[in-house]
Amino acid sequence: MLSNNIYAEDRIPNQWVRAWQNYRKNTRAMFGLWSLLLLLLVTIAAPWLSPYSATQQLPDLLLAPSWHPDGKIDLFFGTDDLGRDMYSRLVLGTRYTFGSAILVTVIAATIGITIGVLAGMTKGLLSSTLNHILDTIMSIPSLLLALITITFLGEGLAQVMFAVCLALIPRFIRAIYTAVHLEMEKDYIIAARLDGASNFYLLYHSILPNVIATMVSEISRAISVSILDIAALGFLGLGALSPLPEWGTMLGEALDLTYIAPWTVTLPGIAITVCVITINLVGDGLRQAIIAGVD
């Protein structure tokens, strides 16, 4: 249909479209995104992708991976000291390490961001008290907080997830509180208040779009910290208990086999490293894309 308008109209994309366009230009970020989607797919479909159960014992003990002259093609990553298939245990372990970290971060982010936003929009004694309490808590490493919590709750994967979640919530609150509080002090917020804008309007249309980069950065960092903390506690024997194929627990159990069967140690370590690098690539790419989209 013909238009009477003689001027060409350019449709300006919104913030999210601009962010996606910027993200697609980042090759490393796109590689991380595809890797993340693959990890999520493996986590969801782990029972169907593993040919054996995590506890099934095969006749071949400490069988080398298939690329070794003594390996077998049907046991691609070899077996451990009990004859359990390493490939199946690594695939099933995505649910206990990577999947647990995602779940813990979602819960901690929901609670921490909500409290941080509400606290950041307040002033006075409540805001100052919360700020000092969070500074004190954040001076303690998250792994140490998790260890203290496990001391009271006991060992196990559920206890570790709860402990890591409690350790992450104050960091979310502190980061979001600081970002929102700084945003509330800017001139355009004061001008909007003078125009009669409500707190909900300011939050939805002005504050959240400008602190989304901080949220993304904190979420990606929290997932990486969760993966490392869950694996570290499993390595120390305080997390997932054997025979659960949690990667940190697998590392701790195979530590004595480092020289005899190095694949039992290196493979879980590589899996943890790949997950952390993938999350960092996606998080860093998202943060840069959102900042560029806002500008």
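Values in this document were obtained by computation on a predicted structure and should not be read as measured data.

Participant: I'd like a description of the packing of aromatic side chains, backed by residues and values.
Facilitator: Scanning the entire structure with this criterion turns up 5 aromatic pairs. Look at tryptophan 67 and phenylalanine 76: their rings are 5.8 Å apart centre to centre, the planes differ by 80°, and that puts the pair in the edge-to-face class. Where tryptophan 67 meets phenylalanine 77, the ring centres are 6.0 Å apart and the plane angle is 70°; that geometry is what we call edge-to-face. Of this pair, tryptophan 67 sits in the loop between helix 3 (46-49) and helix 4 (86-120) while phenylalanine 77 is found in the loop between helix 3 and helix 4, placing the two residues 10 residues apart along the sequence. On the accessibility criterion, phenylalanine 77 (19% relative accessible area) is buried. Members of the aromatic cluster, each reached through a chain of ring pairs, are Trp67, Phe76, Phe77 and Tyr87.

Participant: For the packing of helix 6 (residues 142-153) against helix 9 (residues 199-235), give the residues involved together with the corresponding values.
Facilitator: The geometry of helix 6 relative to helix 9 is characterised by a closest axis approach of 10 Å and an angle of 45° between their N-to-C directions. Regarding the angle of helix 6 to helix 9, the classification is oblique. As for how helix 6 packs across helix 9, the hand of that crossing is right-handed. Where helix 6 approaches helix 9, its residues Ser142, Leu143, Ala146, Leu147 and Ile150 are matched on the opposing element by Val225, Asp229, Ala232 and Leu233. Of the residues contributing to the contact of helix 6 with helix 9, the split by class is 7 nonpolar, 1 polar and 1 charged.

Each value, and the rule that gives it
Residues numbered from 1 in each chain as written. Predicted model: local features only at pLDDT ≥ 70, side-chain atom pairs only at ≥ 80, totals over all residues. Heavy atoms only, no water. Phe/Tyr/Trp six-rings, centres within 6.5 Å; stacked < 30°, edge-to-face > 60°. Helix = DSSP H or I, 4+ residues; strand = E, 2+ residues; numbered from the N terminus. Buried < 20%, exposed > 50% of the residue type's maximum accessible area, 1.4 Å probe, protein only. Axes fitted to C-alpha atoms, helices over the stretch in contact; angles between N-to-C directions. Parallel < 35°, antiparallel > 145°, perpendicular 65-115°, else oblique. Left-handed = near helix turned anticlockwise from the far one by under 90°. Contact = heavy atoms within 4.5 Å. Nonpolar A, V, L, I, M, F, W, Y, C, P; charged D, E, K, R; others polar.

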